[in-house]
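Observations on the three-dimensional arrangement
The lines below spell out each chain.
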Amino acid sequence: MRRDYFGVSFTNLDDETSEPQQPTLSISYTGPREKFSGWLNQADGTPLAAADVDVSFRLKRPIEADDSKGVLAVTNRTNGEFILEVNLKTRDVLRFIRVARRYGNLADDEKHYTLHLDGPAGDVAFEKATFLVYSHTGELLHQHSLIPSGVEL
């Protein structure tokens, strides 16, 4: 599936407030319907649950680069298949993760952010606690990732 079929927006990123809102990563699909149908379901046709979906970001260049970009991936944890991939600026993703971490800490909420997917197969929202960030060489960047306490990778 082509990455340009997706639009991405971030909401609730005001990290200055004392009462933060849960940040949301919204991804909308605008491509052909037949390319998307069934991707948000298990093999038996049941819809994916939040625990069945992983979110990660893989850098294309070193994180220090001013124009650093990467690929956001949403995958099916059960079978490892990509649900979608989309190109994003690194600074936007890292800001989102910082705000999600702050929200989880201040709100004492296990679910740090919402992943909202909107496409021809339906409108789905998952509350998530993990968002992994990998360097351009494939190393997990713990300090930039959102990893719940007590989880070892």
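Residues numbered from 1 in each chain as written. Predicted model: local features only at pLDDT ≥ 70, side-chain atom pairs only at ≥ 80, totals over all residues. Heavy atoms only, no water.

1. Here's the deal with the overall build of the protein chain
Looking only at helices and strands, one finds two helices and eight strands in the protein chain. In the protein chain, the succession of α and β elements from N to C terminus is β-β-α-β-β-β-α-β-β-β. By the compact-globule yardstick of 15 Å for 153 residues, the protein chain fits well, its C-alpha radius of gyration being 15 Å. Expressed as lengths along the three principal axes of its C-alpha atoms, the size of the protein chain is roughly 40 × 35 × 30 Å. Residue burial in the protein chain is summarised as follows: out of 153 residues, 40% are buried. Summing over all exposed atoms, the protein chain offers an accessible surface of approximately 8,500 Å²; the carbon and sulfur share of this is 45%. Of the charged side chains in the protein chain, 17 are positive and 23 negative, and the gap between their average positions amounts to 7 Å. (Helix = DSSP H or I, 4+ residues; strand = E, 2+ residues; numbered from the N terminus. Rg over C-alpha atoms; globule rule 2.2 N^0.38 Å. Buried < 20%, exposed > 50% of the residue type's maximum accessible area, 1.4 Å probe, protein only. Areas by Shrake-Rupley, 256 points an atom, 1.4 Å probe, with all protein chains shown as cover. Lys, Arg positive; Asp, Glu negative; His and termini not counted. Charge placed at Lys NZ, Arg CZ, Asp CG, Glu CD.)

2. Things to note about the packing of aromatic side chains
Tallied over the full model, the rule gives six aromatic pairs. Relative to Tyr-29, the ring of Tyr-5 has its centre 5.9 Å away and its plane inclined at 85°; by these criteria the two rings are edge-to-face. With Tyr-5 in the segment before β1 (6–11) and Tyr-29 in strand β2 (residues 24–29), the pair connects residues that are 24 residues apart, well separated along the chain. Residue classification places Tyr-5 among the buried residues on the basis of a relative accessible area of 17%. (Phe/Tyr/Trp six-rings, centres within 6.5 Å; stacked < 30°, edge-to-face > 60°.)

3. Let's talk about the sheet that holds β2
Read from one edge to the other, the open sheet built from four strands follows the order β1-β2-β6-β7, with strand pairing classed as mixed. The open sheet has two edge strands, β1 and β7 (122–128), and neither has a second partner. The mean inter-strand angle of the sheet, taken between neighbouring strand axes irrespective of direction, is 15°. Bridge count for β2 against strand β6 (residues 113–119) is five bridges, and the pairing is parallel. Residue pairing for β6: Thr-24 is matched across the bridge by Thr-114. (Pairing = 2+ DSSP bridges. Axes fitted to C-alpha atoms, helices over the stretch in contact; angles between N-to-C directions.)

4. Structural notes on a positive patch on the surface
A surface patch of like charges, here positive, comprises Lys-60, Lys-69, Lys-89 and Arg-91. Within the secondary structure layout, Arg-91 lies in helix α2 (residues 90–107). On the basis of relative accessibility, which here comes to 53%, the residue Arg-91 falls in the exposed class. (Patch = residues over 30% accessible without salt bridge, like charges linked within 9 Å, V, L, I, M, F, W, Y side chains within 5 Å. Salt bridge = Lys/Arg side-chain N within 4 Å of Asp/Glu carboxyl O.)

5. As for the nonpolar core
Counting 31 residues, the largest nonpolar core has Ile-27, Phe-57, Leu-72, Leu-84, Tyr-113, Leu-115 and Phe-131 as its most contacted members. At the level of elements, β2, β3 (53–59), β4 (69–76), β5 (82–89), α2 and β6 are the ones that each hand at least two residues to this core. Top contributing element to this core by residue count: α2, with five residues. Apart from the residues within four sequence positions on either side, Phe-131 is in contact with Leu-25, Val-55, Ser-56, Phe-57, Leu-72, Val-93, Phe-96, Ile-97, Tyr-113, Ser-145 and Leu-146. (Core = buried A, V, L, I, M, F, W, Y, C linked by side-chain atoms within 4.5 Å. Contact = heavy atoms within 4.5 Å.)

6. Considering the environment of Glu-19
Position of Glu-19 relative to the elements: it lies in the loop between β1 and β2. Since its relative accessible area comes to 65%, Glu-19 is described here as exposed. Taking the C-alpha atoms as reference points, Glu-19 and Gly-119, 100 residues apart in sequence, are found 31 Å from one another.

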